[in-house]
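# Reading the structure
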Amino acid sequence: MSQTIVVKIGTSSLTQAETGQLALSTIATLAETLCDLRQQGHRVILVSSGAVGVGCGRLGLTERPKTIALKQAVAAVGQGRLMRIYDDLFSIIKQPIAQVLLTRADLVHRSRYLNANNTFQELLNLGVIPIVNENDTVAVEELKFGDNDTLSALVASLVEADWLFLLTDVDKLYSANPRCVPDAKPISLVNSMQELTDLQIQTGGQGSGWGTGGMMTKISAARIAIAAGIRTVITQGRFPRNIEKIIHGELIGTHFTPQPEPTSARKRWIAYGLVTTGKLYLDQGAIAAITKGGKSLLAAGIKALEGEFDNQAAVQLCDSNGYEIARGLVNYNSEELQQICGRHSREIPTILGYEGADTVIHRDNLVLI
């Protein structure tokens, strides 16, 4: 049966740790593996890091750029080189590829989000393997994905993939960094994100010296993917052939079980595609109504708010400690909400001087995180 498979490979797997130069044998094996999957009838998307790392190697830089302008310049140098390598390898085995460069803005705006999906579907229907990266050369800081783990999960959600593979420099998720903690316990299966909380996983921060992602970004990516009903696997990038073995049933790496009832595409767009511009702090009654009762958010349940935003902007809904419980699209801007928070819906016309919406966020525009 044909399945849609998204594979993300990180800079740590694409490059040699000591020099930052490309690990050509790994890339060649990855290309062969993805072609084999295509020949088996699967639809395949590759999300590839490495442009900045390759650019550093090309320019003789000894560490990753720290300023946005320099990073964007280095990415422009590296992206062409990286695609040249991919094109050479895939051409040898007669597999057409396409370069797709995305910014967060492509997923924030609904029309561009839908257009991106249409483009992916046409490429996949043509038997092409799209190779995706963030458009580092033009992305602005406030509209960046931040890491390709997040990008790959959003792409997988966009195309409603069956599998998301996060290829990294460790064989699976551990209870702590196995390089620093010798008795760190391997984790092969995660049935819910609550399990990771209960295990008190110590994920650490940064990834390799040449990459931006650590294990935390991979767990965040898995959270996005499993909400879309996508089975997600963290496994070692040096062995791309393991992808086929995993699809055929072998329990290699760490598997995240998808939610049995995936969130709708529109609500996934609200939850993960949009960039939030404010926070609403809710009382316990409002939290219970949203999380247990499936209700809309009313002004009476809002204790305070943070940020400046327009109506129909995406905001985070938090408890009194700032813990995010949901996201949604607001029916009022921040100035209006400052006036009506904590007040009954029937008071809104008198306070604002005009008839407004009964709800601050309608339940159709609200998604639990």
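Residues numbered from 1 in each chain as written. Predicted model: local features only at pLDDT ≥ 70, side-chain atom pairs only at ≥ 80, totals over all residues. Heavy atoms only, no water.

## Considerations on the side chain of Asp 319
Short version of the rule: The way it works is that DSSP assigns letters per residue, a run of H or I at least four long becomes a helix, a run of E at least two long becomes a strand, and they are numbered from the N terminus. Think of it in three bands: residues with accessible area under 20% of the maximum for their type are buried, residues over 50% are exposed, and the middle band is partly exposed, with areas taken using a 1.4 Å probe on protein chains only. In this charge count, Lys and Arg are treated as positive and Asp and Glu as negative; neither His nor the chain ends contribute. Each salt bridge in this description consists of a side-chain nitrogen of Lys or Arg and a carboxyl oxygen of Asp or Glu lying within 4 Å of one another. Any pair of N or O atoms that falls within 3.5 Å is considered a polar contact. Within protein, one atom must be able to donate a hydrogen and the other to accept it, and sequence-neighbouring residues count only if both atoms are side-chain atoms. The contact criterion used is simple: two residues touch if any of their non-hydrogen atoms lie within 4.5 Å.
One can find Asp 319 in the loop between strand S13 (314-318) and strand S14 (324-329). Within the buried core, Asp 319 has no salt-bridge partner, and the shortest N-O distance to an opposite charge, that of Lys 303, equals 8.7 Å. In terms of polar contacts, Asp 319 uses its side chain to reach the backbone amide nitrogen of Asn 321, at 2.9 Å. Setting aside residues up to four positions removed in sequence, Asp 319 forms contacts with Tyr 281, Leu 282 and Ile 287.

## Details of empty space enclosed by the protein
Applicable threshold: Definitions used throughout: a 1 Å grid over protein atoms alone; a cavity as a set of points that fits a 1.4 Å probe which cannot get out; a pocket as an open set with protein on both sides within 12 Å along at least five of seven lines; a lining residue as one with an atom within 4 Å of a point. Grid points are joined across faces, edges and corners, and a volume is the space filled by probe spheres set on the points. Amino acids are sorted into nonpolar (Ala, Val, Leu, Ile, Met, Phe, Trp, Tyr, Cys and Pro), charged (Asp, Glu, Lys and Arg) and polar (every other residue, Gly among them).
Enumeration over the complete set of coordinates arrives at one cavity of 30 Å³ or more. Leu 107, Tyr 113, Leu 154, Ser 157, Leu 158, Arg 268, Trp 269, Tyr 272 and Gly 273 together form the lining of the largest cavity. Taken together, the elements giving at least two residues each to the lining of the largest cavity come down to helix H7 (148-158) and helix H11 (265-273). By residue number, the principal contributor to the lining of the largest cavity is H11, which donates four residues. A per-class count over the lining of the largest cavity returns six nonpolar, two polar and one charged.

## Re the nonpolar core
Worth spelling out the cut-off: For our purposes a nonpolar core is just a set of buried Ala, Val, Leu, Ile, Met, Phe, Trp, Tyr and Cys residues, chained together by side-chain atoms within 4.5 Å.
Grouped together as the largest cluster of nonpolar side chains are 50 residues, with contacts concentrated most on Val 6, Ile 45, Phe 120, Val 132, Leu 164 and Phe 256. In terms of residue count, helix H9 (residues 215-227) provides more of this core than any other element does, eight residues in total. Listed in part, the 29 residues of the second largest apolar core include Val 7, Ile 9, Ala 31 and Ile 97.

## Some thoughts on the pairing of strand S5 (residues 163-168)
Formally: Note on pairing: two strands pair once DSSP finds at least 2 bridges between them.
In terms of residue burial, S5 counts as a mostly covered element, since six of its six residues are buried. Residues Trp 163, Phe 165 and Leu 167 line one face of S5 and the alternating positions Leu 164, Leu 166 and Thr 168 line the opposite face, and both faces are buried. In this sheet, S5 lies alongside strand S1 (residues 4-9) in parallel orientation, the contact comprising five bridges. For Ile 5, the partnering residue across the bridge sits in S5 and is Trp 163.

## Digging into the pattern of salt bridges
For the coordinates displayed, the defined rule picks out eleven salt bridges. Between Lys 8 and Asp 149 there is a salt bridge, with its nearest N and O atoms 3.0 Å apart. Within this pair, whereas Lys 8 is found in strand S1, its partner Asp 149 is found in helix H7, the two being separated by 141 residues in sequence. Among the salt bridges present, the one from Glu 32 reaches Arg 241, with a minimum N-O distance of 3.3 Å. Placement of the pair is Glu 32 in helix H2 (residues 24-39) and Arg 241 in the loop between strand S9 (231-236) and helix H10 (242-247), with a sequence separation of 209 residues.

## Observations concerning the sheet that holds strand S4 (residues 129-134)
Note the following rule: Only the stretch in contact is used when a helix axis is fitted, and all axes are lines through C-alpha atoms; the angle between N-to-C directions ranges over 0 to 180 degrees.
The sheet built from eight strands is open, its strands ordered S3-S4-S2-S1-S5-S9-S10-S8 with mixed pairing. Only two strands of the sheet have a single partner each, and these edge strands are strand S3 (97-102) and strand S8 (189-190). Bridging between S1 and strand S2 (residues 43-48) involves six bridges; their strand directions are parallel. What sits directly across from Thr 4, in S2, is Arg 43. On top of the sheet, helix H6 (residues 110-125) reaches S2, S3 and S4; it is set at about 125 degrees to S2, its chief contact.

## As for the packing of H7 against H9
Cut-off, in case you're wondering: Relative orientations are named as follows: roughly parallel for angles under 35 degrees, roughly antiparallel for angles over 145 degrees, roughly perpendicular for angles from 65 to 115 degrees, and oblique for any other angle.
For the pair H7 and H9, the least separation of the axes is 8 Å and the interaxial angle reads 10 degrees. When the axes of H7 and H9 are compared, the pair comes out roughly parallel. Contacts between H7 and H9 pair Asp 149, Thr 150, Ala 153 and Leu 154 from the former with Thr 217, Lys 218, Ala 221, Ile 224 and Ala 225 from the latter. Looking at side-chain class alone, the contact of H7 with H9 contains five nonpolar, two polar and two charged residues.

## Some points on helix H4 (residues 68-92)
Stated precisely, the cut-off is as follows: Every helix has an expected span of 1.5 Å times one less than the residues it contains.
Its 25 residues place the ends of H4 36 Å apart at the C-alpha level, agreeing with the 36 Å of an ideal helix rising 1.5 Å per residue. Within the span of H4, buried status applies to Lys 71, Gln 72, Val 74, Ala 75, Gly 78, Gln 79, Leu 82, Met 83, Ile 85, Tyr 86 and Phe 90. Among the residues trailing H4, Lys 94 stands out with phi positive, at a value near 55 degrees.

## Structural notes on the sheet that holds strand S11 (residues 279-282)
Taken in spatial order, the five strands of this open sheet run S12-S11-S13-S14-S15, and their pairing is mixed. If you trace the sheet from one side to the other, it starts and ends with strand S12 (302-306) and strand S15 (366-368), each paired once. When the angles between neighbouring strand axes are averaged without regard to direction, this sheet yields 25 degrees. Bridge count between S14 and S15: three bridges; the pairing is antiparallel. Directly across from Ala 326, in S15, lies its bridge partner Leu 368. Across the sheet, helix H12 (residues 284-291) touches S11, S13, S14 and S15, and the angle it forms with S11 is around 105 degrees.

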